[in-house]
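Residue-level listing of the chains:
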Protein chains: 2
Amino acid sequence: MCEANVYLKNGDHEELFMESVDIIEPHGEGLKLVDIFGTQKFLMAKIKDMTLLNHRIILESVDNSSN
Amino acid sequence: MCEANVYLKNGDHEELFMESVDIIEPHGEGLKLVDIFGTQKFLMAKIKDMTLLNHRIILESVDNSSN
């Protein structure tokens, strides 16, 4: 199975946000994630880095109030 | 192996752009793709849809001369 774990970059470290993600679809400024069980999550973030062989997808929050 | 094939959406159909992609990194308006052999490609595009279990990543060209 080739699902990936999605991490959310938070400063210097990365927090696991969702495991076993199959589908990623951008919608506007955010991303819809669907895992292999059909659970859906939506968050305001963009993809920062993906390494599929490592099953790792790193997201970065989209902050509307940019500095 | 969990690499994916990357397709570029062109109107109604999708053209295979790169096979066996491991790494995807956004850089500015474009994406850097690296396959499992280390070959790198860069193109002006954004991710439209990803289904990891199907090993399919669909990209859409970024047109700077937007209407």
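Check the entry above for the structure.
All residue numbers refer to position in the chain's written sequence, counted from 1. The naming scheme follows written order: chains are lettered A onward, ligands numbered 1 onward. Reporting in this predicted model follows two pLDDT cut-offs: at least 70 for local features of residues, and 80 or more for side-chain atom pairs to be given and counted; totals over whole chains, interfaces and linings ignore these cut-offs and use all residues. Water and hydrogen atoms play no part in the side-chain values, which are based on all heavy atoms of the structure.

Before going further, it helps to examine the state of the cysteines. Two cysteine sulfur atoms form a disulfide, by the criterion used here, when they sit within 2.5 Å. In the structure shown here, the tally under the stated rule is 1 disulfide over all chains. Covalent S-S linkage joins C2 of chain A and C2 of chain B, the inter-sulfur distance amounting to 2.3 Å. Every disulfide takes its handedness from the sign of the S-S torsion; for C2 of chain A and C2 of chain B that torsion is -75°, giving left-handed. Of this pair, C2 of chain A sits in the segment before β1 (4-10) while C2 of chain B sits in the segment before β1 (4-10), which puts the two residues in different chains. Exposure categories follow from relative accessible area, calculated using a 1.4 Å probe and restricted to protein chains: below 20% of the type maximum is buried, above 50% is exposed, and the middle band is partly exposed. A relative accessible area of 13% means that C2 of chain A is categorised as buried. Numbered from the N terminus, helices here are DSSP runs of H or I no shorter than four residues, and strands are runs of E no shorter than two.

On to the pattern of salt bridges, then. Pairing between side chains becomes possible if they bear opposite charge and their charged atoms approach one another. Residue and element names in this part refer to chain B. Basic side-chain nitrogens of Lys or Arg form a salt bridge, by our definition, when they fall within 4 Å of a carboxyl oxygen of Asp or Glu. The full count for this structure, using the stated rule, is 4 salt bridges over all chains. Residues R56 and E14 are paired through a salt bridge, measuring 2.5 Å at the closest nitrogen-oxygen approach. Placement of the pair is R56 in strand β6 (residues 56-61) and E14 in strand β2 (residues 13-27), with a sequence separation of 42 residues. A relative accessible area of 34% places E14 in the partly exposed class.

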